[in-house]
Amino acid sequence: MAFKADRLKEMNLQKIKDYFYREKKANKSSLSESTGISKTTCTTLLKELVEEGFLYQDSDYDSTGGRPSKGYRLNPDYQHNCLIYLKQGEPHQIEIQVRDFAGDRKISLSQKAEGSCIEELYNLLDEIFQKDSKITVAAVSLPGVINRQYDVLSCDIWELEGKNLNTLIGKKYGVKVIAENDVNLAAIGYHTREDSLAFLYQPKIGYSGCGIVLNHQLYRGSTLFAGEIGYLSGCAFMEPEDFDTAQNLIVQQLTALICVLNPAEIVICSCYDFDEEMLIESLSDTLTSEHLPGLQIVSELENYIFNGLMEAAVDAGRNHLKLREVRRV
């Protein structure tokens, strides 16, 4: 009985935290109505969250004729997040944002890595951690394959291969590290209401990758290799040298994604400016219209990646083990 009561409390706490992260503020009545948690339980848990520093008590809500109710608001300083985007290029690029818990940007720094990418990263992080002592989570995006221990198994930034990001960043700066493939993060940053989504990225240099969302969950695969469509038979290790080659690659990869995943929507970000109708016409040569997903073409990754990094940083604090949930991000 004690275990069930503890688990129920953890679930209710997470519901309330998720609600405040989305809505930023509430009073006890609106919270109870939205979450289905009794007002008595809400009172107890709100008190705990205020003591924890997750919330602070806001000014009283406007009265609707009765006694004014106490308001509560998400504490933006509860957790500051260092969001790190390591971008492949010639030279590589390092983009860093620090956002508070409400998602507001506090610091932005950018640097081309003309020499060692790791040394340039440390220079930026030294400056950032001197400016903001409230950072507790560092979320990292990079173009590569990362395992659950945050070892970089392969990466388009060769210097990072074989490195452990928790050792590289977490232990050095005393923060919790979350690391994820860049296109996976773009899929999370783009995802809103779609229950199934594929985000396909075709860079100018290197091989295509894909972030996959199934049933509102990021799908990584058993070895976190899901979405590495640059290895598909027939177009493996091919780079988009010109428009025609790039379009043929995209059509083959789209066909494979549709046949295997059948997603509701596929987002395409390519170095080439494709025509949506032309892609649909090419897909229609082998697939009937009823199986074709919605296609969206976007011009850049950065905003989606930073949104995904923020989601990953917040998700790091969710109690997945006790709630027996698959990681949302």
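Quick note: structure is the one above.
All residue numbers refer to position in the chain's written sequence, counted from 1. Predicted model: local features are reported for residues with pLDDT of at least 70 only, side-chain atom pairs are reported and counted for 80 or more only, and whole-chain, interface and lining totals are derived from all residues. Note: side-chain values were computed over all heavy atoms of the structure, leaving out hydrogens and water.

Draft legend 1. Local environment of the side chain of Glu-95. Think of it this way: any DSSP run of H or I at least four residues long counts as a helix, any run of E at least two long counts as a strand, and we number them from the N terminus. Within the secondary structure, Glu-95 sits in strand S5 (residues 92-99). Exposure classes here rest on a 1.4 Å probe applied to the protein chains alone. A residue is buried below 20% of its type maximum, exposed above 50%, and partly exposed in between. Two residue types count as positive, namely Lys and Arg, and two as negative, namely Asp and Glu; His and chain ends fall outside the count. By convention in these notes, a salt bridge is any Lys or Arg side-chain nitrogen within 4 Å of a carboxyl oxygen on Asp or Glu. Buried charge Glu-95 goes without a salt bridge, the closest partner of opposite sign being Lys-87 at 6.3 Å. Between N or O atoms, a polar contact is any pair within 3.5 Å; within protein, one atom must be a potential hydrogen donor and the other a potential acceptor, and residues adjacent in sequence are included only when both atoms are from side chains. A polar contact is formed between the side chain of Glu-95 and the side chain of Ser-110, at a distance of 3.0 Å. Residue contacts follow a heavy-atom distance rule, with two residues in contact if any of their heavy atoms lie within 4.5 Å. Each residue touching Glu-95, except ones within four places of it in the same chain, is listed here: Leu-83, Ile-84, Tyr-85, Leu-109, Ser-110, Glu-302 and Phe-306.

Draft legend 2. Structural view of the pairing of strand S14 (residues 265-270). With respect to burial, S14 is a largely interior element, 6 of its 6 residues being buried. The side-chain alternation of S14 yields two buried faces, one formed by Glu-265, Val-267 and Cys-269 and the other by Ile-266, Ile-268 and Ser-270. Only strands that DSSP links by at least two bridges are regarded as paired with each other. Relative to S14, strand S11 (residues 196-202) is paired through 6 bridges, and the arrangement is parallel. Across the sheet, the residue bridging to Gln-202 is Ser-270, located in S14. Judged from the 5 bridges that link them, S14 and strand S15 (residues 294-298) form a sheet pairing that is parallel.

Draft legend 3. Fine view of the pairing of strand S10 (residues 176-181). Within S10, 5 of the 6 residues are buried, leaving the element largely enclosed by the surrounding structure. As defined by bridge partners, strand S7 (residues 135-142) adjoins S10 across 6 bridges and the pair is classed as parallel. Its bridge partner being in S10, Val-137 is matched across the sheet by Lys-176.

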